[in-house]
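Architecture at a glance
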Amino acid sequence: MKPAPFSYAAPHSVEECLDLLSRYGTDAKLMAGGQSLMPLLSLRMARPSVIIDINRIPGLDAWEVTGEGVRIGARVRQRSLERDRALRAEIPLMAEAVQFIGHPATRSRGTIVGSMCHADPAAELQVCAILLGAAFRLRSHSGDRVVSAEEFFLDALTTAVGEEELVEEVRLPLPVVGAGYSFSEVSRRHGDFAMVSVGCIVTRDAQGRLDESAVALGGIGSRAQRFRLGDYAPGATAVPALFADFARHVAETIEPDADLHASTEYRRALAAHLVQQGLDVAASRTESGAQ
Amino acid sequence: MPMPAERMDVELSVNGRDYTRRQVEARRTLADFLREDLSLTGTHLGCEHGACGACTVLIDDAPVRSCLTLAVQANGTRIRTVEGLGTDGELHAVQKAFKQHHALQCGFCTPGFLTASVALLEENPSPTELEVREWLSGNICRCTGYQFIVDAVLAAAAELRERRGAGTGSPA
Ligand SMILES: Cc1cc2nc3c(=O)[nH]c(=O)nc-3n(C[C@@H](O)[C@H](O)[C@H](O)COP(=O)(O)OP(=O)(O)OC[C@H]3O[C@@H](n4cnc5c(N)ncnc54)[C@H](O)[C@@H]3O)c2cc1C
Ligand code: FES
Ligand code: FES
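Residue positions are counted from 1 within each chain, in the order its sequence is given. As a convention, the first chain written is A and the first ligand written is 1, with the rest following in written order. Confidence filtering applies because this is a predicted model: local features only for residues at pLDDT of at least 70, side-chain atom pairs given and counted only at 80 or more, and all residues used for totals across whole chains, interfaces and linings. No hydrogens and no water enter the side-chain calculation; it runs on all heavy atoms of the structure.

A few points about the interface of chain A and chain B
For clarity, the threshold we go by: We call two residues contacting when some pair of their heavy atoms lies within 4.5 Å. Defined in terms of a 1.4 Å probe, buried area is the accessible area two parts forfeit on being brought together, summed over both. Salt bridges are counted wherever a side-chain nitrogen of Lys or Arg sits within 4 Å of a carboxyl oxygen of Asp or Glu. Pairs of N or O atoms within 3.5 Å make up the polar contacts considered here, provided that, within protein, one atom can donate a hydrogen while the other can accept it, and that residues adjacent in sequence are counted only when both atoms are side-chain atoms. Only runs of H or I of at least four residues qualify as helices and only runs of E of at least two qualify as strands under DSSP, and these elements are numbered from the N terminus. When residue character is reported, Ala, Val, Leu, Ile, Met, Phe, Trp, Tyr, Cys and Pro are called nonpolar, Asp, Glu, Lys and Arg charged, and the others, Gly included, polar.
Taken together, the 40 residues of chain A in the interface contact 31 residues of chain B. Buried area between chain A and chain B, both sides added, is near 3,100 Å², and the carbon and sulfur share of it is 59%. On the chain A side of the interface with chain B, the three residues burying the most area are A:Tyr8, A:Met38 and A:Arg109, jointly 18% of the side's total. Inspection of the chain A/chain B interface yields 4 salt bridges. Residues B:Glu123 and A:Arg83 are paired through a salt bridge, measuring 3.2 Å at the closest nitrogen-oxygen approach. For the pair chain A and chain B, the interface holds 12 residue pairs in polar contact (both at pLDDT 80 or more). Counting residues per element, the ones that place at least two in the side of chain A that touches chain B are β1 (7-9), α1 (14-24), α2 (37-42), β3 (50-53), α3 (78-83) and α6 (104-107) of chain A. The element that contributes the greatest number of residues to the side of chain A that touches chain B is α1(A), accounting for 5 residues. Residues that form the side of chain A that touches chain B fall into these classes: 19 nonpolar, 10 polar and 11 charged.

What about a nonpolar patch on the surface?
Heads up, the rule is: Think of a patch as exposed residues, more than 30% relative accessible area, with no salt bridge, where like charges cluster within 9 Å and nonpolar side chains (Val, Leu, Ile, Met, Phe, Trp, Tyr) cluster within 5 Å. The Shrake-Rupley method, run with a 1.4 Å probe, gives the accessible areas here. Residue values count only the displayed protein chains as cover.
Together, A:Met1, A:Leu43 and A:Met45 make up a nonpolar patch on the protein surface, roughly 310 Å² of accessible area in all. Secondary-structure assignment places A:Leu43 in the loop between α2 and β3.

Observations regarding the confidence of the model for chain B
Predicted coordinates in regions of low pLDDT should not be interpreted in detail. Inclusion rule: pLDDT expresses how confident the predictor is about each individual residue, on a scale running from 0 to 100.
In the predicted model, chain B carries a mean pLDDT of 95, and 97% of its residues have values of at least 70. In the predicted complex, the global pTM is 0.96; the interface-specific ipTM is 0.94.

Some points on the pattern of salt bridges
When their charged atoms lie close together, side chains carrying opposite charge are able to pair. Residue and element names in this part refer to chain A. Put simply, the rule reads: For the exposure calls, accessible area comes from a 1.4 Å probe over protein chains only, and a residue counts as buried if that area is under 20% of its type's maximum, exposed if over 50%, partly exposed in between.
For the structure shown, the criterion picks out 31 salt bridges over all chains. Here Glu 82 ties to Arg 107 by a salt bridge, and the two come within 2.8 Å at their closest N and O atoms. Residue Glu 82 is located in helix α3, and its partner Arg 107 is located in helix α6; the two are separated by 25 residues in the primary sequence. Owing to a relative accessible area of 5%, Arg 107 belongs among the buried residues under this scheme. Ionic contacts of the salt-bridge type, sharing partners, join the residues Glu 15, Arg 137, Arg 139, Asp 144 and Glu 168 into one network.

Digging into the state of the cysteines
Residues and elements named next belong to chain A. Our working definition: Whenever a pair of cysteine sulfur atoms sits within 2.5 Å, that pair is classed as a disulfide.
Under the defined criterion, the tally for this structure stands at 0 disulfides over all chains. Not part of a disulfide, Cys 117 finds its nearest cysteine sulfur in Cys 17, a span of 12 Å. Judged by its relative accessible area of 28%, Cys 117 is partly exposed.

Observations regarding the site of ligand 1
Stated formally: Distances are taken per atom, and a residue is near a molecule or strand as soon as one of its heavy atoms is within 4 Å of it.
Taken together, 34 residues surround ligand 1, and among them A:Leu30, A:Gly34, A:Ser36, A:Thr111 and A:Glu124 come closest. With respect to ligand 1, the chains having nearby residues are chains A and B. The backbone of A:Gly34 places a nitrogen or oxygen atom 2.7 Å from an oxygen atom of ligand 1. Here an oxygen atom of ligand 1 and a backbone polar atom of A:Asp192 are 3.4 Å apart.

Here's the deal with the packing of helix α11 (residues 242-253) of chain A against helix α12 (residues 264-284) of chain A
If you want to describe how two helices pack, look at the angle between their axes and the distance between the axes. Residue and element names in this part refer to chain A. Put simply, the rule reads: To define axes, lines are fitted to C-alpha atoms, for helices over the stretch in contact only, and angles between the resulting N-to-C directions are given on a 0 to 180 degree scale. Note on convention: the crossing is left-handed when the near helix lies turned anticlockwise from the far helix by less than a right angle, right-handed when the turn is clockwise.
One can describe the packing of α11 onto α12 by two numbers: an axis separation of 8 Å at closest approach and a directional angle of 145°. For the element pair α11 and α12, the recorded crossing hand is right-handed. Each of Phe 243, Ala 244, Phe 246, Ala 247, Val 250, Ala 251 and Glu 252 in α11 lies in contact with α12, whose residues at this interface are Arg 268, Ala 271, Ala 272, Val 275, Gln 276, Leu 279, Asp 280 and Ala 283. Its residues assigned to classes, the contact of α11 with α12 shows 11 nonpolar, 1 polar and 3 charged.

So, in structure tokens, the structure goes:
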């Protein structure tokens, strides 16, 4: 259980990091918190010849609020999302989700961006990114680009990030005014990857319509999936059975894989339950409260 | 641009002692560095891939899994291991409570539980039972059934609060 030999470099600027990536790209692997990469190295499921450690790059450990939203640098730890009240207030959905990611000792090194780059289909933060409509800023010597969450997550453990690219930051929109958010999941033990996880937003327009309310589910296939309430029941306002019907619709639409921990039917049942419950909780957190 | 290297020098402090210019292989985990290079074998290795928590140490006061951190990444940091929890031949309050409450049997998992518990109480002096359980969810014990470990941590928390209260003269 020891990593195979590799060379290691810890660049001190994004420029240096991009130099290293362009020189060693195919043979190199970026390391952020190492909480997913280190096990892969130790199990020798990954054998890069060069590790580029981004932990010494100044600036990437910062987050800031701009007119468009919150920008979170590639070194911001999951622990910051747990402890930094100012950051939590900007992204209430992710603030609720972070407690489910591993354990304190993994969150003190694991990063927010690293989790998204790893793209485990059961990862809580992928669900958040898909629900909120995150965007990623990618840098390389061949040019910089911004990629939406829908384009970013391609498949299980696969993203749109090229071999010579660094994800510099993730951008999240500010909370929708008056909206309520909720995040919940079922896993075998607290801190384990979820069998099904669900993020919800409940929001009403000026006419009270719930069209822009939505849910996103993780653990149900190769990547997280988003469902908009307005696509299922356009123009709906407060209908008593609406959330239950929508939850059933979502559970019937998804095609979750079966594995050692949960069958397809069980995952569907969990999805129906978590979606309905999650929407109820989110609705109770809207400005106008429960219906 | 720094050239990637297979070996490099690290400087760090472990349990208050400074180590300068220790050459390590880049692939060396912090756990192996502590155990093999510094002979600090109190830090245990159960799974070596992040699942069990036996290897937990504190880096700049934060609990981390030393099997998921490279020694070179610890360059310039201050590390505490189970060997450094007590002072002057006296056990840390958490260690004493583990002893009193029979919170260990074979002891293999204990270093990780101790370091994780110390980190918890430094951050949150009055955890609830649920908070203790959630905090320690990343540490696996095959012997105790956890109940006595939770008891010990709650008792240590009470003891530390009392000591602090007595020290400052304010009510505990
Ligand atoms: C015991 C345990 C339990 C866990 N439980 C959960 C859980 O319940 N839910 C969950 O979501 N995760 C869980 N994880 C994984 C989580 O802890 C990791 O933090 C996360 O998946 C990866 O983040 P990282 O910063 O550690 O990235 P790393 O491990 O350093 O990197 C992961 C991958 O992303 C790439 N990468 C990282 N940063 C960048 C970047 N800026 N640009 C381009 N590529 C990049 C790396 O090259 C690598 O391929 C668990 C881990 C452990 C050990
Ligand atoms: S040895 Fe590090 S977590 Fe098991
Ligand atoms: S005391 Fe034996 S594993 Fe915990």
